[in-house]
Amino acid sequence: HPRIGILTGGGDCPGLNAVIRAVTLTARRQYGATVLGIEDGFEGLIEGRGSELTEERVAGILQDGGTILGSSNKGDPWRYPVVGQDGKTDWQDCSGRLLAQVQHWQLDGVVVVGGDGTMQMADRLQRLGVEVVGVPKTIDNDLLATDQTFGFDTATAVVSEALDRLTTTASSHHRVMVLEVMGRTAGWIALMGGVAGGADVILLPEIPFQWQAVFDKVKARAAMGMRYSIICVAEGAQLPTGGEVVQRMDRRRTDPKRLGGIGAVVAEHIEAGTGLEARVTVLGHLQRGGSPTAFDRILATRLGSHAADCICRGESGVLVAYHQMGTCTVPLSATLAGRRNVPADHDLIQAARALGTCFGDEAG
Ligand code: F6P
């Protein structure tokens, strides 16, 4: 009977617990496997923190956000923080400790659930001789290897609901409401959430915008009697170049508390450029927390069950992906080929433009 481990690395994401449950139940029920839940990503694998996952431990977690195993962004085994006797932190290669732990636990393979950073480590681990199966995860939906990642649908639903709520207060007070959403390099959440929530202006990292186009849209709405507007801006949208604004933005980006990023800058400019009152909401980690949607629970369950099949049958070095409405496997290294951005001619952008949505560019 196989002995397998499972860990979740990187930022958390709704649907992780559904994967953990699906891997555990499939591996135990179909293959008589022992499943070890490793705590806090690669950190737990290096430090030997883990315990057996049973039917009882995964009962009732399908609908829960987060991950019962914990996660960590700091667990790079090849650059691992080790505190010396002098109290100073040294960054060391701890891959040897990691391999020793895999042997100690007598693991035949490890299911690694994570984004592209975690998959890079998973790929290195596989090349060191550990059997690894990857499950892709990010709310940003920007991994090349899979058509959609679980967590994205939930994040989109949260954005859509937030925009609905902002719309009623915006129309009551005749204000412009700016919602800043996640997406450092890809605008999938802003695009899909923005369209679902009926945003009048959507600003994406992929489409450079001009202030005037945004002001014109807001003013045109007011001229038609709609004295409020809804703006959905991705945190990674590119501000128009120009001295002062960019400098202020840079200060905000380096703010350790991450309070008030691009959304505040957009709101300030709209007030100055249109004379209308503006407010900003930064949705932040609300997009990553809480219960997954039915779609994400189902996608996570399909991927987790398929990953358990692979690892228990000895098919490793693969990533379980979602492609053309079904699950499949691709090489683990497929995630490393780059990010998937929103194409400027995406059909949803075209449809939104046809409906009058402004993307802040000339054609907006
Ligand atoms: O990659 C997912 C993501 O949610 C990004 O959209 C966001 O910028 C980032 O994680 C924030 O992560 P954290 O605050 O956990 O470092």
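Refer to the structure above for everything that follows.
Residues numbered from 1 in each chain as written. Predicted model: local features only at pLDDT ≥ 70, side-chain atom pairs only at ≥ 80, totals over all residues. Heavy atoms only, no water.

Novice: Requested: an account of the sheet that holds strand 8 (residues 176-181), with residues and values cited.
Specialist: Strand order across the open sheet formed by 4 strands is 9-10-8-11, with parallel pairing between neighbours. Looking along the sheet, the strands with just one partner apiece sit at the ends: strand 9 (201-203) and strand 11 (278-282). Within the sheet, the average angular offset between the axes of one strand and its neighbour, ignoring direction, is 15 degrees. Here strand 8 runs beside strand 10 (residues 229-234); their pairing, made up of 6 bridges, is parallel. From the neighbouring strand, Met177 faces strand 10, where its bridge partner is Ile230. Running over the sheet, helix 7 (residues 188-196) touches strand 8, strand 9 and strand 10 and is turned about 170 degrees from strand 9. (Pairing = 2+ DSSP bridges. Helix = DSSP H or I, 4+ residues; strand = E, 2+ residues; numbered from the N terminus. Axes fitted to C-alpha atoms, helices over the stretch in contact; angles between N-to-C directions. Contact = heavy atoms within 4.5 Å.)

Novice: Could you give me a rundown of the pairing of strand 13 (residues 326-331), with the residues and numbers involved?
Specialist: Inspection of the sheet shows strand 12 (residues 318-323) paired to strand 13 by 6 bridges, in the antiparallel sense. Opposite Val318, over in strand 13, you have Pro331 as the bridge partner. Counting the residues in the hairpin turn of strand 12 and strand 13 gives 2 residues, including Gln324, whose phi is positive at 50 degrees.

Novice: Please set out the side chain of Thr67 residue by residue, giving values where relevant.
Specialist: You can see Thr67 is positioned in the loop between helix 3 (55-58) and strand 4 (80-83). Judged by relative accessible area, Thr67 falls into the buried class, the value being 17%. What Thr67 contacts, discounting residues up to four positions off in sequence, is Thr8, Leu16, Asn17 and Ile20. (Buried < 20%, exposed > 50% of the residue type's maximum accessible area, 1.4 Å probe, protein only.)

Novice: So what about the sheet that holds strand 6 (residues 109-114)? Which residues, and what values?
Specialist: With mixed pairing, the 7 strands of this open sheet are ordered in space as 3-2-1-6-7-12-13. Two strands bound the open sheet, and with one partner strand each, they are strand 3 (50-52) and strand 13. Adjacent strand axes in the sheet meet at a mean angle of 25 degrees when their direction is disregarded. Here 4 bridges tie strand 1 (residues 3-8) to strand 2 (residues 34-38), and the two strands are oriented parallel to one another. Residue pairing in the sheet places Gly5 in a bridge with Leu36 of strand 2. Each of strand 1, strand 6, strand 7 (132-136), strand 12 and strand 13 touches helix 11 (residues 294-313); the most contacted strand, strand 12, lies at about 145 degrees to it.

Novice: If you had to explain the pairing of strand 10 to someone new, which residues and values would you point to?
Specialist: Extensive coverage of strand 10 is indicated by the burial of 6 of its 6 residues. With burial as the criterion, each face of strand 10 is covered, one bearing Ser229, Ile231 and Val233 and the other bearing Ile230, Cys232 and Ala234. The sheet contact formed by strand 9 and strand 10 spans 3 bridges and is parallel. The residue bridging Leu203 from the neighbouring strand is Val233, located in strand 10.

Novice: Describe the environment of Gly48, and please don't skip the residues or the numbers.
Specialist: The residue Gly48 is located in the loop between helix 2 (42-47) and strand 3 in this model. Sequence separation of Gly48 and His104 is 56 residues, and the distance between their C-alpha atoms is 8.9 Å. Not counting residues within four places of it along the chain, the set of residues in contact with Gly48 comprises Gln101 and Trp105.

Novice: Just give me the short version of the state of the cysteines, but keep the residues and values in it.
Specialist: In the structure shown here, the tally under the stated rule is 0 disulfides. Among the cysteines around Cys310, which has no disulfide bond, Cys312 carries the closest sulfur, lying 9.5 Å off. For Cys310, a relative accessible area of 2% gives the class buried. For Cys328, which is in no disulfide, the shortest distance to another cysteine sulfur is to Cys310 and amounts to 10 Å. (Disulfide = S-S within 2.5 Å.)

Functional significance is not addressed by these values, which are geometric in nature.
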